[in-house]
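Now for the letters of each chain:
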Protein chains: 2
Amino acid sequence: MAARSEQEFWAGEPRALLRVGPGFRLADVDPGSTPGFDGVEKDNADEALASGVDVLSDLQERLFANSRSGDPRRVLLVLQAMDTAGKGGIVRHVVGAVDPHGIRLYAFKAPTEEERSHDFLWRVRKRLPDAGLIGVFDRSHYEDVLVGRVRALAPEAEIEDRYGRIQRFEQELVDADTTIVKVMLHIGSDDQKERLAERLERPDKHWKYNPGDIDERMQWPAYQQAYQIALERTSTDAAPWFVVPAEKKWYARLAVQHLLIDALQRLDLSWPPASFDVEAEKARLAAT
Amino acid sequence: MAARSEQEFWAGEPRALLRVGPGFRLADVDPGSTPGFDGVEKDNADEALASGVDVLSDLQERLFANSRSGDPRRVLLVLQAMDTAGKGGIVRHVVGAVDPHGIRLYAFKAPTEEERSHDFLWRVRKRLPDAGLIGVFDRSHYEDVLVGRVRALAPEAEIEDRYGRIQRFEQELVDADTTIVKVMLHIGSDDQKERLAERLERPDKHWKYNPGDIDERMQWPAYQQAYQIALERTSTDAAPWFVVPAEKKWYARLAVQHLLIDALQRLDLSWPPASFDVEAEKARLAAT
């Protein structure tokens, strides 16, 4: 039986199905759903992911290759989610499947004292991908309107102001040839409880657990509301949000992989032409 | 048939077989050999590499986990080679198989004007891995005694001085809990000719080719001599060199993977104990 191509696994387009548009309500998204995926078996999902790895790797290499001859384009994947939703798995299985040289990954933590002394976008600007790279933000400037809002880490007027500043910042990146793919991995409160319980059960997972995780969990409704507001106000045509149901980890990985493939395919990346005389170089090489 | 464990593929230890010791002569190393590998088939090599991926990933995660509770240890893989020897393949297939969050990869290019205005180790210090990470140098401070020597990019006395400064620099890193694994991938001049020819034949490889590659190739004997000197003078007990025959790409990948596994196993990494009261946290979680 011939292997199925990556596209054949999709009956509908994640780009359309998962996009945050007018009237979007986070509470209406079923974290256990698998929009657009034409298949339900886990094996089937593994096959689809493997098939996508080759497609994504090829596209990433083309993006990188073009940058060597001056193409300024780059991609930025922004990952946001509640704890345990599976950002790590996306980084490991989707991002990790392409050439490390083509990736610029950064995991944002609570800001340092120096970072706090600057505008909230200051530290973010320092981690943007160069031309030809796929940047990956594991958490991002959105923390400043998520935990920032829930924990009132800045005055209310400042938080309100940030949505517009984020929009303008992202527009500026898009104007400078960055394709932005913003993904929220969406799980339910019960899923999180189960996953935190697993971390507590397994000694090899204890290092991933922090008592503060429960403090955050106790603010679940406030976080959902903060996400709803952020998604509504910052899902623009230039930089739309995609909410990816993530109870089924295999689906979340496939969907993010597909969103990345889709974004790269739209760049219509051919191999750059040789910047030298190929025949002349063959002759030079032969003479060595 | 039970899967073979990573160790079972080795009849001899790469750490001993590939190490640069007293009396080492680069010219005596056969680039097509496969020291210590118990098997010759390509399929067999794929199986061995896949088996090593799980071992290496587990060790990397332990290293990372321990750093979260204050363990200062880290690893630095230094990759050096003539063009086309396969550094990219090592990064893609060995380094790329572990969690990207655990890797700090940096590809050193020709130094910028700012970098040239500082000591040659200045830019290298900025790219060292943090605790818990596996740093990977694709090229390194050794360029300053390789191309630096062949192209006379610094006065002879300065080049001579650098070997000792490199030794002291690496000793300093080792004293600060860095395990250094230095690898030279070794190919023959004919291998390189073939691989450059392939880049010229394939339009999807043109971007990897640079006419300067031939200029460097024409200095092959001078580079081999510069490597011989560097290997001799900087293979110390604290930071030994390993010369990995790399004509067979599958062997080079397996050998580097094994050297990394070996280095990490020597760190004797158990999972860090929980820094919190597990039972109390279970109760807190249950109450949410």
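Heads up: the structure comes first, above all this text.
Residues numbered from 1 in each chain as written. Chains lettered and ligands numbered in written order. Predicted model: local features only at pLDDT ≥ 70, side-chain atom pairs only at ≥ 80, totals over all residues. Heavy atoms only, no water.

Peer 1: Got a minute to help me understand the interface of chain B and chain A in this structure?
Peer 2: Accessible area lost when the parts come together is the quantity often used to give the size of an interface. With 45 residues of chain B at the contact, the number on the chain A side is 45 residues. Summed over both partners, the interface of chain B with chain A comes to about 4000 Å²; 65% of that surface belongs to carbon and sulfur atoms. Aspartate 215 of chain B serves as the salt-bridge partner of arginine 284 of chain A, at 2.6 Å between the closest nitrogen and oxygen. Counting across the interface, chain B meets chain A through 20 residue pairs in polar contact (both at pLDDT 80 or more). At the level of elements, helix H2 (42–68), helix H3 (87–93), strand S2 (103–107), helix H8 (189–201), helix H9 (212–217) and helix H12 (278–286) of chain B are the ones that each hand at least two residues to the side of chain B that touches chain A. (Contact = heavy atoms within 4.5 Å. Buried area = accessible area lost by both parts, 1.4 Å probe. Salt bridge = Lys/Arg side-chain N within 4 Å of Asp/Glu carboxyl O. Polar contact = N/O pair within 3.5 Å; in protein donor to acceptor, adjacent residues only side chain to side chain. Helix = DSSP H or I, 4+ residues; strand = E, 2+ residues; numbered from the N terminus.)

Peer 1: I keep staring at the packing of helix H7 (residues 156–175) of chain B against helix H10 (residues 220–234) of chain B and nothing clicks. Help me out?
Peer 2: When two helices pack together, you describe them by how their axes are tilted relative to each other and by the distance separating the axes. Residues and elements named next belong to chain B. Between H7 and H10, the least distance of the axes is 10 Å, while the angle of their chain directions is 45°. Accordingly, the angle class assigned to the pair H7 and H10 is oblique. The way H7 lies across H10 gives a crossing that is right-handed. Side by side, H7 and H10 meet where Glu160, Tyr163, Ile166, Gln167 and Glu170 of the first sit next to Ile229, Ala230, Arg233 and Thr234 of the second. Taken together, the residues of the contact of H7 with H10 break down into 4 nonpolar, 2 polar and 3 charged. (Axes fitted to C-alpha atoms, helices over the stretch in contact; angles between N-to-C directions. Parallel < 35°, antiparallel > 145°, perpendicular 65-115°, else oblique. Left-handed = near helix turned anticlockwise from the far one by under 90°. Nonpolar A, V, L, I, M, F, W, Y, C, P; charged D, E, K, R; others polar.)

Peer 1: Please clarify how unusual backbone geometry should be interpreted in this entry.
Peer 2: Most peptide bonds take the trans configuration, and most residues that are not glycine carry a negative phi. All names here are of chain A. Even without being a glycine, alanine 152 presents a positive backbone phi close to 45°. Relative to the helices and strands, alanine 152 is located in the loop between helix H6 (147–150) and helix H7 (156–175). By relative accessible area, alanine 152 is classed as exposed at 58%. For aspartate 177, which is not a glycine, the phi torsion comes out positive at approximately 70°. Structurally, the position occupied by aspartate 177 is in the loop between H7 and strand S4 (178–186). For aspartate 177, a relative accessible area of 34% corresponds to the partly exposed category. (Buried < 20%, exposed > 50% of the residue type's maximum accessible area, 1.4 Å probe, protein only.)

Peer 1: I would appreciate a short explanation of the layout of surface pockets in the present structure.
Peer 2: Over the atoms rolls a probe the size of a water molecule, and its path tells where empty space is left. Empty space within the second largest pocket amounts to approximately 480 Å³. Listing elements by their share of the lining of the second largest pocket, those giving two or more residues are helix H2 (42–68) and helix H3 (87–93) of chain A together with H2 and H3 of chain B. Top contributing element to the lining of the second largest pocket by residue count: H2 of chain A, with 6 residues. Taken together, the residues that form the lining of the second largest pocket break down as 8 nonpolar, 5 polar and 4 charged. (1 Å grid on protein atoms, 1.4 Å probe; cavity = no way out; pocket = protein on both sides within 12 Å on 5 of 7 lines; lining within 4 Å. Points joined across faces, edges and corners; volume = space filled by probe spheres on them.)

Peer 1: Help me understand the relation of the copies chain B and chain A, please; the structure alone is not making it clear to me.
Peer 2: Here two copies of a chain appear, and what relates them is a rotation about an axis with a shift along it. Laying chain B over chain A is done by rotating through 180° and shifting 0.0 Å along the axis; what remains is an RMSD of 0.0 Å. The relationship between the two copies is best expressed as a two-fold rotation axis. The rotation axis passes nearest to the C-alpha of glycine 96 of chain B in chain B, at a distance of 3.2 Å. When the interface residues of chain B are mapped onto chain A, 100% of them are again interface residues, pointing to one common binding face. (Least-squares fit on C-alpha atoms with pLDDT ≥ 70 in both.)

Peer 1: Please clarify how the pairing of S4 of chain A should be interpreted in this entry.
Peer 2: A regular strand places its side chains on the two faces of the sheet in alternate fashion. Residues and elements named next belong to chain A. Taking burial as the measure, the 9 residues of S4 include 8 buried ones, the bulk of the element. Bridging between strand S1 (residues 74–81) and S4 involves 8 bridges; their strand directions are parallel. The partner of glutamine 80 across the bridge, within S4, is methionine 184. Bridge count between S4 and strand S5 (residues 241–245): 5 bridges; the pairing is parallel. Opposite methionine 184, over in S5, you have valine 243 as the bridge partner. (Pairing = 2+ DSSP bridges.)

Peer 1: Just to check I follow, could you spell out the sheet that holds strand S4 (residues 178–186) of chain B for this structure?
Peer 2: Residue and element names in this part refer to chain B. Taken together, 5 strands build an open sheet; the order of strands is S2-S3-S1-S4-S5 and the sheet is parallel. Every interior strand has two partners, whereas the edge strands, S2 and strand S5 (241–245), have only one. Recorded for the sheet is a direction-independent mean angle of 20° between the axes of neighbouring strands. On the sheet, helix H11 (residues 249–265) packs against strand S1 (74–81), strand S3 (134–138), S4 and S5 and is oriented at approximately 150° with respect to S5.

Peer 1: Looking at this structure, I do not really get the packing of aromatic side chains. What am I missing?
Peer 2: The way to describe two aromatic rings as a pair is by their centre distance and the angle between their planes. This model, assessed by the stated rule, comprises 20 aromatic pairs over all chains. Between the aromatic rings of phenylalanine 108 of chain B and phenylalanine 137 of chain B, the centroid separation amounts to 5.0 Å while the plane-to-plane angle is 85°, which identifies the pairing as edge-to-face. Note that phenylalanine 108 of chain B is positioned in the loop between S2 and helix H4 (113–116) and phenylalanine 137 of chain B in strand S3, a separation of 29 residues in sequence. One aromatic cluster is present, built from ring pairs that chain together Phe9, Trp10, Phe37, Trp250 and Tyr251 of chain A. The aromatic ring of phenylalanine 9 of chain A is capped on one face by arginine 4 of chain A, whose charged end is 4.2 Å from the ring centroid. The cationic tip of arginine 68 of chain B hangs over the ring face of phenylalanine 64 of chain B; the distance from NZ or CZ to the ring centre is 4.3 Å. (Phe/Tyr/Trp six-rings, centres within 6.5 Å; stacked < 30°, edge-to-face > 60°. Lys NZ or Arg CZ within 6 Å of the ring centre and 35° of its normal.)

Peer 1: Please clarify how the sheet that holds S4 of chain A should be interpreted in this entry.
Peer 2: Backbone hydrogen bonds are what pair the strands of a sheet, in a parallel or an antiparallel way. Residue and element names in this part refer to chain A. Spatially, S2-S3-S1-S4-S5 is the arrangement adopted by the 5 strands of the open sheet, whose pairing is parallel. Bordering the open sheet on either side are strand S2 (103–107) and S5, each of which pairs with just one other strand. With direction set aside, neighbouring strand axes in the sheet form an average angle of 20°. Across the sheet, helix H11 (residues 249–265) is in contact with S1, strand S3 (134–138), S4 and S5; its angle to S5 comes to roughly 150°.

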